[in-house]
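Report on the structure
Chain by chain, the residues run as shown.
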Amino acid sequence: AADFLWSAIEEYVPEARKRAVPGTVQIGTPLTHERFLRRSRGAYGPRAEAGKHTLPGHKTPLDGLLLCGDYTFPGIGVPATAASGAITANSLVSVPQHWAMLDKIKLPASS
């Protein structure tokens, strides 16, 4: 599988294998995702056709149980998943309350 995937990448990024930083490459397929991430058939997020379906929201019928992640609004990908977490967090406390909590965090001095 690795050679097949590298060949596909190298159609767009010449010599990608040689340019990869040693120790940072991990090869995975949908079967890898299914096994290790417990994703049905290796999928990311739900199947939703644009304009026909909406992604699930963050609230559930259970009081106090909220959802976030790539399976909820706004969707798939790191930025969207991070936004999902922020939306869910803002359902718990307001943005000014978040800022106040962040102000209490003491970060180490940069050197």
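For clarity, every value in this text was computed on a predicted model and none was experimentally measured.

**A look at the confidence of the model for the protein chain**
On average, the protein chain scores 86 in pLDDT, and the residues at 70 or more come to 96%. No element of the protein chain has a lower mean pLDDT than helix H3 (residues 30-37), which averages 84, and none a higher one than helix H2 (residues 16-19), which averages 92.

**Description of unusual backbone geometry**
Looking along the chain, the bond that leaves Phe-73 and enters Pro-74 is cis, with omega of 10°. One non-glycine residue, Glu-15, lies in positive phi territory at about 55°. Its place among the elements puts Glu-15 in the loop between helix H1 (2-10) and H2. Look at Glu-15 and you get partly exposed, because its relative accessible area is 48%.

Here is what the cut-offs are and how they apply
- Residues numbered from 1 in each chain as written.
- Predicted model: local features only at pLDDT ≥ 70, side-chain atom pairs only at ≥ 80, totals over all residues.
- Heavy atoms only, no water.
- pLDDT = per-residue confidence, 0-100.
- Helix = DSSP H or I, 4+ residues; strand = E, 2+ residues; numbered from the N terminus.
- Buried < 20%, exposed > 50% of the residue type's maximum accessible area, 1.4 Å probe, protein only.

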